[in-house]
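Fold and geometry: a report
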Amino acid sequence: MVRTPLTPEERERGERLGRLLREARGGRSMTEVAAHAGISAETLRKIETGRAPTPAFFTVAALAGALGLSMDELAHRCALVGLDVTAA
């Protein structure tokens, strides 16, 4: 199956998600957060850097739970286009 290329907006949304997760992780290590979420540190690294801009829903849900984030707030902040999400 051939995957449709991502649009610039989808790539930007993935980068916003990565920034939000990185900020929420704060001083905790990638390894610690990834283990708590049940994913690999490499998967978390790819998401945080935008190299995996469309992670699976359950991966995002597990990360949100590990970081104490609301899925509603996370979805809302990732959907904001052209705005500084750190101020939202």
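Residues numbered from 1 in each chain as written. Predicted model: local features only at pLDDT ≥ 70, side-chain atom pairs only at ≥ 80, totals over all residues. Heavy atoms only, no water.

**Topic: the confidence of the model for the protein**
- When pLDDT is averaged along the protein, the result is 87; 90% of the residues meet or exceed 70.
- Mean pLDDT values over the elements of the protein span from 85, in helix α5 (residues 71-79), up to 97, in helix α2 (residues 30-37).
- In the model, residues 83-88 has pLDDT below 50 throughout and makes eight contacts with residues more than four positions away in sequence or in other chains. (pLDDT = per-residue confidence, 0-100. Helix = DSSP H or I, 4+ residues; strand = E, 2+ residues; numbered from the N terminus. Contact = heavy atoms within 4.5 Å.)

**Points about the pattern of salt bridges**
- Counted under the stated rule, the structure contains four salt bridges.
- Residues R16 and E12 are paired through a salt bridge, measuring 2.8 Å at the closest nitrogen-oxygen approach. Taken together, the residues R16 and E12, both in helix α1 (residues 8-25) and four residues apart, mark about one turn of the helix.
- Taking the relative accessible area as the measure of exposure, E12 reaches 31% and is therefore partly exposed.
- Between E48 and R25 there is a salt bridge, with the nearest N and O atoms lying 2.8 Å from each other. Of this pair, E48 sits in helix α3 (residues 41-49) while R25 sits in helix α1, and the two are 23 residues apart along the sequence. Here the two residues E48 and R25 agree in accessibility, since each one is buried.
- A network of salt bridges, in which partner residues are shared, links E42, R45 and R51. (Salt bridge = Lys/Arg side-chain N within 4 Å of Asp/Glu carboxyl O. Buried < 20%, exposed > 50% of the residue type's maximum accessible area, 1.4 Å probe, protein only.)

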